Amino acid sequence: MNQRWLPVRLALQFLTCFPVGQTPEATQRQLGASVSWYPFVGLIIGCVLVGVVFLTTQLFGSQLSAALVLCVWIASTGALHLDGLADCADAWVGGMGSRARTLA
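Residues numbered from 1 in each chain as written. Predicted model: local features only at pLDDT ≥ 70, side-chain atom pairs only at ≥ 80, totals over all residues. Heavy atoms only, no water.

Asks: Looking at this structure, I do not really get the packing of aromatic side chains. What am I missing?
Replies: We describe a pair of aromatic rings using the distance from one ring centre to the other and the angle between the two ring planes. Under the definition given, this model contains 3 aromatic pairs. When the ring of Trp5 is compared with that of Trp37, the centres are 6.5 Å apart and the planes differ by 50°; the resulting orientation is tilted. Placement of Trp5 in the segment before α1 (6-15) and of Trp37 in the loop between α2 (28-35) and α3 (38-60) is noted, with a sequence separation of 32 residues between them. Using a relative accessible area of 38% as the deciding quantity, one classes Trp5 as partly exposed. By relative accessible area, Trp37 is classed as partly exposed at 30%. A ring pair is formed by Trp37 and Phe40, whose centres lie 5.6 Å apart and whose planes are at 80°; its orientation type is edge-to-face. By way of ring pairs, the aromatic residues Trp5, Trp37 and Phe40 are connected into one cluster. (Phe/Tyr/Trp six-rings, centres within 6.5 Å; stacked < 30°, edge-to-face > 60°. Helix = DSSP H or I, 4+ residues; strand = E, 2+ residues; numbered from the N terminus. Buried < 20%, exposed > 50% of the residue type's maximum accessible area, 1.4 Å probe, protein only.)

This is the structure:
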């Protein structure tokens, strides 16, 4: 694949579990360029989830559809957002009220 598309592939590789093939070792410049493609990757994920909503709502109803969309979101991103949420929760309550312990 053309080196021009490497930042897109790097963004997809980092933010999703979609198969993008083997990517060569990236330079700092290429990694930095991949950040500008994060919104595009978010758009791809959003379109996939909207498609799942439209398909499953007609077949299963809204509650099961919501559960399936959540499962597809977790599977497609590798639970990246949930890992961040868990890290935040650990930081907020991990120190059990002790400021020094929380900062440690």
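And the narrative resumes.
Asks: Could you clarify how one ought to interpret the nonpolar core in this entry?
Replies: When a protein is soluble and globular, its nonpolar side chains tend to lie buried together. Core analysis: the biggest nonpolar cluster contains 10 residues, these being Val8, Ala11, Leu12, Leu15, Val20, Val41, Ile45, Leu49, Val52 and Val69. Secondary structure elements with two or more residues in this core: α1 and α3. Beyond its immediate sequence surroundings of up to four residues, Val52 is in contact with Thr57, Val69 and Val72. (Core = buried A, V, L, I, M, F, W, Y, C linked by side-chain atoms within 4.5 Å. Contact = heavy atoms within 4.5 Å.)

These figures come from the coordinates and say nothing about function on their own.
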